[in-house]
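Listed below, chain by chain, are the residues.
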Amino acid sequence: MNRFEDTPAGDLEDLRVLTLERLTRVPAFRRGSLQQLWRKCGKPNCHCAAEGDPGHGPRWQWTRTARDGTRGQALRADQADAVRAELDAGAQFDQIVDDLVEVNEAICRQAAAPVGARQARPAKKSGT
Ligand SMILES: [Zn+2]
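So, how was this worked out
Residues numbered from 1 in each chain as written. Predicted model: local features only at pLDDT ≥ 70, side-chain atom pairs only at ≥ 80, totals over all residues. Pairing = 2+ DSSP bridges. Helix = DSSP H or I, 4+ residues; strand = E, 2+ residues; numbered from the N terminus. Axes fitted to C-alpha atoms, helices over the stretch in contact; angles between N-to-C directions.

J.: What should I look at first to understand the sheet that holds strand β1 (residues 33-39) in this one?
T.: Note on sheets: strands pair through backbone hydrogen bonds, and any given pair is parallel or antiparallel. With respect to topology, three strands assemble into an open sheet ordered β1-β2-β3, the strand pairing being antiparallel. Single-partner strands in this sheet number two, and they are β1 and β3 (69-75). On average, adjacent strands in this sheet sit at an angle of 35° to one another, irrespective of strand direction. Two strands pair when backbone bridges link them, and strand β2 (residues 56-66) and β3 are joined in this way by seven bridges, in the antiparallel orientation. The residue bridging Ala 66 from the neighbouring strand is Gly 69, located in β3.

Following this line, the structure appears as structure tokens:
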């Protein structure tokens, strides 16, 4: 069930505009995830060869699976916080888009006459 089902049409249109405005305020964002990487260099005398040693690092990497493959970017430790904020902004964008879909769907559902009701609109499409 759409959570806007019982919202009056005028309020829905206001909500649609407000939601679109919220979208414009989302800062630059990314999707995907941030990983902390530790690696073993392979040199037998290095501290990282010892059992229990986490290895060299940490290094940070952002990755995202896209339709055409995985995107990634190596990051310095001091860039990790900024990327976390960009990922949060991405989640914020997705949430607003979900809200927008709900509002638009509710508007369209209200506009469509219920099945079995008398046809309120002419069958011929306007503008064609
Ligand atoms: Zn090493």
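J.: Help me understand the pairing of β2 in this model?
T.: Each regular strand displays side chains that alternate between the two surfaces of the sheet. In terms of strand pairing, β1 meets β2 through six bridges, oriented antiparallel. Counterpart to Ser 33 in the pairing with β2 is Thr 63. Taking the residues between adjacent antiparallel strands as the criterion, β2 and β3 are bridged by two residues.

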